Amino acid sequence: MNFKEEIIALLAKETKLAEEDLANLLAVPSDPKLGDYAFPCFRLGKNAKEEAEKMKGKLKLPHFVAKAEVAGPYLNFFLKNKVVVEETLSHIYQEQKEFGKQNLGKGKKIIVEFSSPNIAKPFGIGHLRSTVIGSSLYKVYRALGYDVFGVNHLGDWGTQFGKLIVAYRKWGSEDELQQEPIKYLLHLYVKFHQEAEKDKSLEDEARAEFKRLEDGDKESIVLWEKFKGLSLREFQRIYKILDVNFDSLHGEGFYNNLLESSIKELQQKVKTALSDGALIVDLEKYNMPPFMLRKSDGASTYHTRDLAAALYRLKKYRPEKVMYVVGSEQKLHFQQLFKVLELAGFDKDKFIHVDFGLFRFPEGKMSTRKGQVIFLEEVLDRAIDLAEKIIEEKNPTLQNKAEVAVMVGVGAIIFADLSNDRIRDIDFDWNRMLSFEGETAPYLQYTHARACSILRKAVKEHQLGVSPHVNFELFTQAEEMAVVKRLYAYPEMIEKVALANKPHHLAHYLIALAQAFNEFYHQCLVLSDDKNQTKARLLLVDCVRQVLENGLNLLGIQAPEEM
Ligand code: ARG
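> Would you mind going over the sheet that holds strand β3 (residues 74–79) in detail, with residue names and values included?
Spatially, the 3 strands line up as an open sheet ordered β1-β3-β2, and their pairing is antiparallel. Each edge of the open sheet is held by one strand with a lone partner, namely β1 (37–40) and β2 (65–71). Strand after strand, the sheet turns through a mean of 20° between neighbouring axes, direction not considered. Of the strand pairs in this sheet, β2 and β3 are connected by 6 bridges, and their pairing is antiparallel. In the sheet register, Lys67 faces β3, and the bridge partner there is Phe78.

> Please provide a residue-by-residue account of the packing of aromatic side chains, values included.
In this description, an aromatic ring pair is defined by two values, namely the gap between the centres and the angle between the planes. Considering all chains together, one arrives at 28 aromatic pairs under this definition. Where Phe3 meets Tyr488, the ring centres are 5.0 Å apart and the plane angle is 25°; that geometry is what we call stacked. Here the residue Phe3 occupies a position in helix α1 (residues 3–15), and Tyr488 occupies one in helix α18 (residues 478–500), the gap between them amounting to 485 residues. Residues Phe3 and Tyr488 agree in their burial class; the two are buried. Residues Phe42 and Tyr74 carry aromatic rings whose centres are separated by 6.3 Å and whose planes lie at 85° to one another, so their mutual orientation is edge-to-face. With Phe42 in the loop between β1 and α3 (48–58) and Tyr74 in strand β3, this residue pair connects regions lying 32 residues apart in the sequence. Take Tyr74: its relative accessible area is 34%, and that puts it in the partly exposed class.

> So, the environment of Gln477: which residues are in play, and what are the values?
For Gln477, the location among the structural elements is in the loop between α17 (441–462) and α18. On the accessibility criterion, Gln477 (35% relative accessible area) is partly exposed. When sequence neighbours within four positions are dropped, the list of residues in contact with Gln477 reads Cys524 and Arg537.

The rules behind each value
- Residues numbered from 1 in each chain as written.
- Predicted model: local features only at pLDDT ≥ 70, side-chain atom pairs only at ≥ 80, totals over all residues.
- Heavy atoms only, no water.
- Pairing = 2+ DSSP bridges.
- Helix = DSSP H or I, 4+ residues; strand = E, 2+ residues; numbered from the N terminus.
- Axes fitted to C-alpha atoms, helices over the stretch in contact; angles between N-to-C directions.
- Phe/Tyr/Trp six-rings, centres within 6.5 Å; stacked < 30°, edge-to-face > 60°.
- Buried < 20%, exposed > 50% of the residue type's maximum accessible area, 1.4 Å probe, protein only.
- Contact = heavy atoms within 4.5 Å.

Structure, rendered in structure tokens:
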């Protein structure tokens, strides 16, 4: 049912332009009066208007095109409403939750690395961004048929663990640790930095301690594993609330015994150098600081562990692409890593840094070292509480209030993130985010619930369920067609998200769909005495319900049936 592709195939025959070029040229006019697709004729000859006329004379229009008209240099195609409606609604009705899925990615493996919080530290807002963006991309690529592998590259290795072990040995208490592990570990981390101000030798002790960890010292490993296990337990709570899953939890520490072999492998292809006792790859030629493989004391670095992870993944999974969903502040790190991999002979287009800007809270910027952090769970709890209050006000008799409050509160936060182009910074605004109007998840969820309630009422008061056997000639209103055309565009929208790894395209699409639906709902009576028209409109309502649900789910948001 891909009208666009069929028009492209038709034009390819007549113009000698490649299908790919045509796909880029053929646009959807912003004014529906100009038809469904506009083909600019500039590339056909000097006088585009004349070329458009010539083309119009030549083309044998397919059955689904009502007419083609010349408007200046464009040839505009108008689809037959009945065909578009029938094709679109029948597909959605048949495919239900599967609607929108494709097999573009069949047989192709993609690794999406996302979330990757640091053990023994609170789950930060940057990690929330990585989690929701990554999880959505994971779902989008799945929907496109890719074999997706999601990795949580836990930050569970590095000098900070030397610091923690030193601090725990000096000042730690098992009891306090067990009570509130992350808060307590954070407290130790802060204390370490306070004490290190006074006593510089602590930093050396921490370095030595990390070295012991890297060398596999049993006692150090036991402590590290304890910290890791306790932290993970807290992170899992957050993943559960967000309904996020991973295929692998291999963090930085996992690569510890692959570091030396990875360095050796790299050295076979890339020149390394010693600089003040440290082993580096000089990247000066590329205007970048050196990539450090080994510190002068022999310890590994963030670079080494990322190199080992990349080599491991390439060998083990043979992915088409490896995507790193990590904040923009690490841009340089990934430029260095990708350059080194390129120098080692890997295709540089395999690696993608899916970067994103800052999420700023009204409370201000925070520093972990000073112990100023916003606990993500507090943010989620607050959103859920606020959602509960709003529901209490608007729909006090709702059955499963607590459950819906979680869907709405968490959804609001996810959408506040994903509705923005990821590279932009976002200023967090509690009121705007939870509003039932404007570009918010509650608005989409409410629209979905409204569709569900119309369908329930149809059964109860009119004894009418949803059926695909309707008279498709009955969709004559502009508001109806506007909704249908949005629905028709859904599968293409998923592709668009993957093309730039930007879920906000889908978020904006869903808002536009909800707006078109609400417009329709206000202009066109759904449940009327005209049974045939009621049946036709119910099918449309059901399709909107389904596409809102499918789209929200790809963003990681639930769609309650009542709220
Ligand atoms: N744990 C890191 C941090 O919080 C993010 C890890 C990003 N991924 C990577 N492969 N380096 O800064």
